[in-house]
Amino acid sequence: MPETSRRADANPKADSTAVEVADLTVAYRDKPVLWDIDLSVPMGVLMAIVGPNGAGKTTLIRSILGLVRPTAGQVRILGKPYAKQRRLVGYVPQRGSVDWDFPTTVLDVVIMGRYGELGWIRRPGAAERRAAEEAIEKVGLTDLADRQVGQLSGGQQQRVFLARALVQDSLVYFMDEPFQGVDATTERAIIDILRTLRDEGKAVIVVHHDLQTVEEYFDWVTLLNVQRIASGPVDEVFTDSNLRAAYGGRAALFSRELAEQRERAKGGDGP
Amino acid sequence: MDGEVFTRIFTDYTLRTVALGTAALGFVSGALGSFAVLRKQALLGDATSHAALPGIAVAFLLTGSKAPLVLVLGAALAGWLGTLAIMTIVGLSRVKYDTALGMILSVFFGVGLVLLTFIQRRPDATQAGLDTYLFGQAATLLDRDVKTIAGLGAIALLAMALLWKELKLLSFDPDFGATLGFPMRGLDIILTSLIVIAIVIGLQAVGVVLMSAMVVAPAAAARQWTDKLGIMVPLAGVFGALSGVTGAVISSSATRMPTGPVIVLCVSAVAVASLLLAPNRGLFPQWLRSRRQRHAVRKEAVLSDLRALEEQHAGEAPGHSAAVLRMMAPNPAGVSPRLQELSDRGWVAKTGSDEWTITEEGLRALEAQLGSGGDER
């Protein structure tokens, strides 16, 4: 059951660089939010961006996507500037960034993922509808497709955004806290979808705040606190010393818990 | 009002002109106002319409003409400048949105009033009627005014229809739209311009002071009845058109009242009725639903109290006094009517003057409602 991606022909080599960030600095009113970030993310990884509150996680992906104007620095997606590669990039914003009382249905919101491909003025038709229905089925919301989005639970709304990103049929995905406010079952469903995307050779970059699940869910991680603390495969980078560097004193708690987790894992009956 | 007035719409040429004009402006402002309301920019319309007044005055001073297109153009330019000024102040300074809005609204409106007074003090009589732009006078609508309203309104509606999906994206999730490559700032300016058009074509009939009600109220009313943008927008248009025609006809035939206030009363009636009565979002249906639910919960509580009494005093007496149940209930007054409802269903039975017992059927119903693990007491 191979995935029939509309972009299968455009699929780049697995060793190409999905995202390349160089010297990125962002400041709000003289206060640096991100300082001199260098980042290189290959295709085919599922990467978490973690760091304390105010570390600039959201700002990092918003500036990669051109939603925040950086003070300095360059961003390249698959070797070219972002503006030329928009169609290859999918985005899941924070759930709280829109008004869910808006008069629109689940299907309607998911179809929005095809708007970029449609371009100006052209209306979505049967093909867009089909693609949206397919994505809605993948996230398990088929029964709710005609509901107004405000009648959904938080986890369901999160899945609507995920389905909208799926119909974008992108190669590189950015997701801002897709697990925020979702129950355990939904979290499993979402992570399964993200893993499928990765296994198809795509890059999935996720702002994440739960350190407990980093090792279980992700294969790459970037630790951020205004500056880039570390970035790379989880087993190399997600270390006590890096966590302490990112979180300061607060890391003591996390690293003790992590040590316990690792002990349990060594004992053979780990998670 | 007497129904004769409304049949005269079809026979009286003047009245028909007025009705056509107000229907057109009501539809356009209602439809485009939906986007302003959904983007939480309802107040912006108020600022735009007030800011349009000096534009009307300056247009007249410069050209000496009262041609509708000239005055509308002046109004649009000033309204647009005012709106742009608000956006610029918010963008460049630390002044908050509501403060900037209040400042621009009163400054532009003040300048407009000064200019209007100056114009009216002039000796010649050509200026007569310019002051109707304050509170509106639909009876002054002429054929050429209606043509201007319909023409500009059609252009605005056409642009809205063409850019439907882009405007929906702008209103729901502008950040996502930007990542798709749509120039959201440009779309914002286009939508603002369309709303400015919707406002200025209504100024002669409705007036600068109250025109914003035509932008906000029909949209707020329409939102109550539907959860689909594709229905909300035309419905708001219909509400706007109906209120416009009703208000204009009442004001111009019967009483010679300024039209603006009468139209606003009509559109407010529609909005209030929608807020109260709309099936899903209306306050009254909501109240009914919560009352029904409250009763169901209390009924269950009475039933379960009765069962508890039964268990504690097994075999002592055939029934239990309602007075005891009242002491157990958080809302004693509700116990008797609930007992009556329960007995209608056969879930409880009366054993004395006001003594009750739970039936086999009642026990089963309680088990079913509380679920298998429902025996919390």
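About the criteria used
Residues numbered from 1 in each chain as written. Chains lettered and ligands numbered in written order. Predicted model: local features only at pLDDT ≥ 70, side-chain atom pairs only at ≥ 80, totals over all residues. Heavy atoms only, no water. Helix = DSSP H or I, 4+ residues; strand = E, 2+ residues; numbered from the N terminus. Buried < 20%, exposed > 50% of the residue type's maximum accessible area, 1.4 Å probe, protein only. Contact = heavy atoms within 4.5 Å. Areas by Shrake-Rupley, 256 points an atom, 1.4 Å probe, with all protein chains shown as cover. Patch = residues over 30% accessible without salt bridge, like charges linked within 9 Å, V, L, I, M, F, W, Y side chains within 5 Å. Salt bridge = Lys/Arg side-chain N within 4 Å of Asp/Glu carboxyl O. Buried area = accessible area lost by both parts, 1.4 Å probe. Polar contact = N/O pair within 3.5 Å; in protein donor to acceptor, adjacent residues only side chain to side chain. Nonpolar A, V, L, I, M, F, W, Y, C, P; charged D, E, K, R; others polar. Pairing = 2+ DSSP bridges. Expected span 1.5 Å × (residues − 1). Domains from an automatic or database assignment. Phe/Tyr/Trp six-rings, centres within 6.5 Å; stacked < 30°, edge-to-face > 60°. Lys NZ or Arg CZ within 6 Å of the ring centre and 35° of its normal. Core = buried A, V, L, I, M, F, W, Y, C linked by side-chain atoms within 4.5 Å. pLDDT = per-residue confidence, 0-100. Axes fitted to C-alpha atoms, helices over the stretch in contact; angles between N-to-C directions.

### Some thoughts on the overall build of chain A
Step number 1: Of the regular secondary structure elements, chain A holds 11 helices and 10 strands.
Step number 2: For chain A, the proportion of its 271 residues judged to be buried stands at 51%.
Step number 3: Put simply, 70% of the contacts in chain A that link residues at least 6 apart link residues at least 24 apart.
Step number 4: By element, 47% of the accessible surface of chain A is carried by carbon and sulfur atoms, the whole surface being about 12,500 Å².

### Describing a nonpolar patch on the surface
All names here are of chain B.
Step number 1: Taken together, the side chains of W225, V272, L276, L277, L283, F284 and W287 make up a nonpolar region of the molecular surface, amounting to roughly 710 Å² of accessible area.
Step number 2: Contributions of two or more residues to the nonpolar patch are made by α14 (259–277) and α15 (283–312).
Step number 3: By secondary structure assignment, the location of L277 is in helix α14.

### Some remarks on the interface of chain A and chain B
Step number 1: The interface of chain A with chain B comprises 34 residues on the first partner and 29 residues on the second.
Step number 2: Note on chain A versus chain B: buried area summed over both sides is about 2,900 Å², and carbon and sulfur give 62% of it.
Step number 3: For chain A, the biggest contributors to the area lost against chain B are A:F102, A:P103 and A:W120; these three give 24% of the whole.
Step number 4: Taken together, chain A and chain B are joined by six salt bridges.
Step number 5: The shortest N-O distance in the salt bridge between B:R223 and A:D101 comes to 3.5 Å.
Step number 6: Where chain A packs against chain B, one counts 15 residue pairs in polar contact (both at pLDDT 80 or more).
Step number 7: Counting residues per element, the ones that place at least two in the side of chain A that touches chain B are α3 (106–111), α4 (115–118) and α6 (154–167) of chain A.
Step number 8: Among the elements that line the side of chain A that touches chain B, the one with the most residues is α4(A), at three residues.
Step number 9: Of the residues belonging to the side of chain A that touches chain B, the class tally is 16 nonpolar, eight polar and 10 charged.

### Side note on the pairing of strand β10 (residues 227–233) of chain A
Residue and element names in this part refer to chain A.
Step number 1: When strand β9 (residues 220–225) meets β10, the two strands line up antiparallel, connected through six bridges. In the sheet register, W220 faces β10, and the bridge partner there is P233.
Step number 2: Hairpin geometry of β9 and β10 is characterised by an intervening segment of one residue between the two adjacent antiparallel strands and by a positive phi of about 65 degrees at V226.

### Here's the deal with α15(B)
Step number 1: Look at α15(B): 43 Å from first C-alpha to last across 30 residues, which is about the 44 Å you get at 1.5 Å a residue.
Step number 2: Within the span of α15(B), buried status applies to B:P285, B:K299, B:V302, B:L303, B:S304, B:D305, B:L306, B:R307, B:A308 and B:L309.

### Describing the domain arrangement of chain B
Step number 1: Considered domain by domain, chain B is made up of domain 1 (3–279) and domain 2 (285–371).
Step number 2: With centres defined by C-alpha atoms, the gap from domain 1 of chain B to domain 2 of chain B works out at 58 Å.

### With respect to the packing of aromatic side chains
Step number 1: Scanning all chains against the criterion turns up eight aromatic pairs over all chains.
Step number 2: Aromatic pair A:Y217 and A:F218: ring centres 6.3 Å apart, planes at 65 degrees, arrangement edge-to-face.
Step number 3: Owing to a relative accessible area of 6%, A:Y217 belongs among the buried residues under this scheme.
Step number 4: Ring plane angle 80 degrees and centroid distance 5.9 Å describe the contact between B:F35 and B:W164, whose orientation is recorded as edge-to-face. Here B:W164 lies in helix α8 (residues 164–172) and B:F35 lies in helix α2 (residues 13–38), a separation of 129 residues in the sequence. In terms of burial, B:F35 and B:W164 fall into one category: buried.
Step number 5: An aromatic cluster of three or more residues is present, and its members are A:W100, A:F102, A:F161 and B:F172.
Step number 6: Looking at A:R164, its charged tip hangs above the ring of B:F176, at a distance of 3.5 Å from the centre.

### Describing the sheet that holds strand β1 (residues 320–321) of chain B
Residues and elements named next belong to chain B.
Step number 1: The strand order across the open sheet built from three strands is β1-β3-β2, with neighbouring strands paired in antiparallel fashion. Strand pairing shows two members of the sheet lacking a second neighbour, β1 and β2 (348–350), which therefore form its edges.
Step number 2: Bridge analysis of β1 against strand β3 (residues 355–358) gives two bridges, and the strand direction is antiparallel. Bridged to S321 within β3 is E355.

### What about the nonpolar core?
Step number 1: Residues A:V19, A:I77, A:V172, A:F174, A:L194 and B:L203 are the most contacted members of the largest nonpolar core, which totals 158 residues.
Step number 2: Looking at this core, the element that brings in the most residues is helix α10 (residues 184–200) of chain B, giving nine residues.
Step number 3: With 16 residues, the next largest nonpolar core counts B:V302, B:A322, B:V348 and B:W356 among its residues.

### Digging into the confidence of the model for chain A
Step number 1: Per-residue confidence for chain A gives a mean pLDDT of 87; residues scoring 70 or more make up 86%.
Step number 2: Under a pLDDT of 50 for its full length, residues 1–10 of chain A has, in the predicted model, 16 contacts with residues more than four places off or in other chains.

### Section: the pattern of salt bridges
Step number 1: The final tally for this structure, using the stated rule, is 20 salt bridges over all chains.
Step number 2: Between A:D169 and A:K202 there is a salt bridge, and its shortest N-O distance comes to 3.7 Å. With A:D169 in the loop between α6 and β7 (172–176) and A:K202 in the loop between α7 (184–199) and β8 (203–207), this pair connects stretches of sequence that are 33 residues apart. The residues A:D169 and A:K202 share a single accessibility class, namely buried.
Step number 3: A salt bridge links A:E216 to A:R188; the nearest nitrogen and oxygen atoms lie 3.3 Å apart. Of this pair, A:E216 sits in helix α8 (residues 214–217) while A:R188 sits in helix α7, placing them 28 residues apart in sequence.
Step number 4: For A:R188, a relative accessible area of 38% corresponds to the partly exposed category.
Step number 5: A single salt-bridge network, built from bridges that share partners, covers A:D101, B:R223, B:D227 and B:R281.

### Re the sheet that holds β10(A)
All names here are of chain A.
Step number 1: The mixed open sheet is built from six strands, whose spatial order is β6-β7-β8-β3-β9-β10. In the strand order of this sheet, the two ends are held by β6 (89–92) and β10, each with one partner. In this sheet, neighbouring strand axes are inclined to one another by 15 degrees on average, regardless of whether the strands run parallel or antiparallel.
Step number 2: Summarising the sheet, β6 and β7 pair through four bridges and their orientation is parallel. Directly across from G90, in β7, lies its bridge partner Y173.
Step number 3: Running over the sheet, helix α1 (residues 57–64) touches β3 (46–50), β6, β7, β8 and β9 and is turned about 145 degrees from β7.
Step number 4: In the packing of α6 onto the sheet, contacts are made with β6 and β7, and the angle to β6 comes to roughly 170 degrees.

### A few points about unusual backbone geometry
Step number 1: The phi angle at A:D36 is positive, at roughly 50 degrees, despite the residue not being glycine.
Step number 2: Considering the arrangement of structural elements, one finds A:D36 in strand β2 (residues 31–42).
Step number 3: The exposure class of A:D36 is partly exposed, given its relative accessible area of 40%.
Step number 4: We note that B:K40 has phi near 60 degrees; this positive angle belongs to a residue other than glycine.
Step number 5: In this fold, B:K40 is placed in the loop between α2 and α3 (42–63).

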